[in-house]
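A closer look at the structure
Now for the letters of each chain:
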Amino acid sequence: MSSTKFILGLFDDPDDMMHGIEKLQKNSIPIYDVYTPMPIHGIEDKLGVKESRLGYAAFCFGCLGASVIFSILYYTLVHDWPMNVGGKPNFAIPNFVPFTFEWTILFTAFGMTLTFFAATHLFPGRAPRVMDLRATDDRFVIAINAKGNIPHEDITNLLKEAGAVEVKHNNRKYVSYE
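Residue indices follow the written sequence of each chain, beginning from 1 at its first position. Only residues with pLDDT of 70 or above have their local features reported here, since the model is predicted, and side-chain atom pairs are shown and tallied only from 80 upward, although totals for entire chains, interfaces and linings are computed over all residues. Side-chain metrics rest on all non-hydrogen atoms present in the structure, leaving aside hydrogens and water.

Quick look at the overall build of the protein chain
Basically, it comes down to this: What counts as a helix is a DSSP run of H or I of at least four residues, what counts as a strand is a run of E of at least two, and both are numbered from the N terminus. As a reference, a globule follows 2.2 Å times the number of residues to the power 0.38, and the radius of gyration itself is taken over C-alpha atoms. For the exposure calls, accessible area comes from a 1.4 Å probe over protein chains only, and a residue counts as buried if that area is under 20% of its type's maximum, exposed if over 50%, partly exposed in between.
For the protein chain, the count of helices and strands is 5 helices and 4 strands. In sequence order, the secondary structure elements of the protein chain are arranged as β-α-β-α-α-α-β-α-β. The globule rule puts the C-alpha radius of gyration for 178 residues at 16 Å, and the 26 Å found for the protein chain is more than 25% above it. C-alpha extents for the protein chain along the principal axes are approximately 85 × 35 × 30 Å. Looking at the protein chain residue by residue over its 178 residues, the buried ones come to 29%.

Written as structure tokens, this is what we have:
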């Protein structure tokens, strides 16, 4: 049994890489991930990546922040320590708007930062996980899980036909920078 975990097809041109994705999909070979040094228009649709749900998380964090500060302000200024300021009512909602807005933004920003770290596993201090170090410089990498039932030689040949300048059989899941 081979110890290869991933087969990496390295391309020097994004068009060749897109052609490689088409060839692999035509032959029903599942693609683990694609790494590129720059954004490529339309690659999400080609790979079938679902639309992000981070907007829903941002909305929930914003609602939480608004609810928390509105509750604190209401309790403090109406129940705990009501003050008569210029004859205004204690529960004057326009006075609550600036604080509520600021806390909505604050909770959304901090919540989305934590959500991003949790979703991408990029916690501070953790070493970055990269399939091939050149994927951040000048190569376009298609990673294929080698544990499938397709012979490795067939995948290698398909990648070469599509224009891969190099095909690597990776024994480790990720390359570390150290």
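Remarks on the packing of helix α3 (residues 54-80) against helix α4 (residues 93-120)
Operational definition: Throughout, an axis means a line fitted to C-alpha atoms (over the contacting stretch in the case of helices), and angles, computed between N-to-C directions, take values from 0 to 180 degrees. In what follows, roughly perpendicular refers to angles from 65 to 115 degrees, roughly parallel to angles under 35, roughly antiparallel to angles over 145, and oblique to any angle outside these ranges. Should the near helix be turned anticlockwise from the far one by less than a right angle, the crossing is termed left-handed; should it be turned clockwise, right-handed. Each residue gets one label: Ala, Val, Leu, Ile, Met, Phe, Trp, Tyr, Cys and Pro are nonpolar, Asp, Glu, Lys and Arg are charged, and the others, such as Gly, are polar.
Orientation of α3 relative to α4, taken along the N-to-C sense of each, is 140°, at an axis distance of 7 Å. Classified by the angle their axes make, α3 and α4 are oblique. Crossing of α3 over α4 shows right-handed handedness. Of the residues that constitute the contact of α3 with α4, the class distribution is 17 nonpolar, 7 polar and no charged.

Observations concerning the packing of aromatic side chains
Selection rule: Here a pair means two rings of Phe, Tyr or Trp (six-membered ring of Trp) with centres within 6.5 Å. Their orientation is stacked below 30 degrees between planes, edge-to-face above 60, and tilted elsewhere.
For the structure on display, the rule yields 7 aromatic pairs. Taking 6.2 Å as the distance between ring centres and 80° as the angle between the ring planes, the aromatic pair formed by Phe-70 and Phe-91 counts as edge-to-face. Placement of Phe-70 in helix α3 and of Phe-91 in the loop between α3 and α4 is noted, with a sequence separation of 21 residues between them. Residue classification places Phe-91 among the partly exposed positions, given a relative accessible area of 37%. On the numbers, 6.0 Å between centres and 50° between planes, the contact of Phe-116 with Phe-117 is tilted. Feature note: the residues Phe-70, Tyr-74, Phe-91 and Phe-96 constitute an aromatic cluster, connected by ring pairs.

Digging into the nonpolar core
This is how it is decided: Working definition of a nonpolar core: buried Ala, Val, Leu, Ile, Met, Phe, Trp, Tyr and Cys residues. They are joined through side-chain atoms within 4.5 Å.
Counting residues in hydrophobic clusters, the biggest one holds 20 residues, and the most contacted among them are Phe-11, Met-17, Ile-142 and Leu-159. At the level of elements, β1 (6-11), α1 (14-26), β3 (140-145) and α5 (152-162) are the ones that each hand at least two residues to this core. Phe-6, Leu-8, Val-141 and Ala-143 belong to the second largest nonpolar core, which has 8 residues in total.

Observations regarding the environment of Asn-157
Positionally, Asn-157 belongs in helix α5. Under the relative-accessibility criterion, Asn-157 is labelled partly exposed at 43%.

That's the geometry; what it means functionally is another story.
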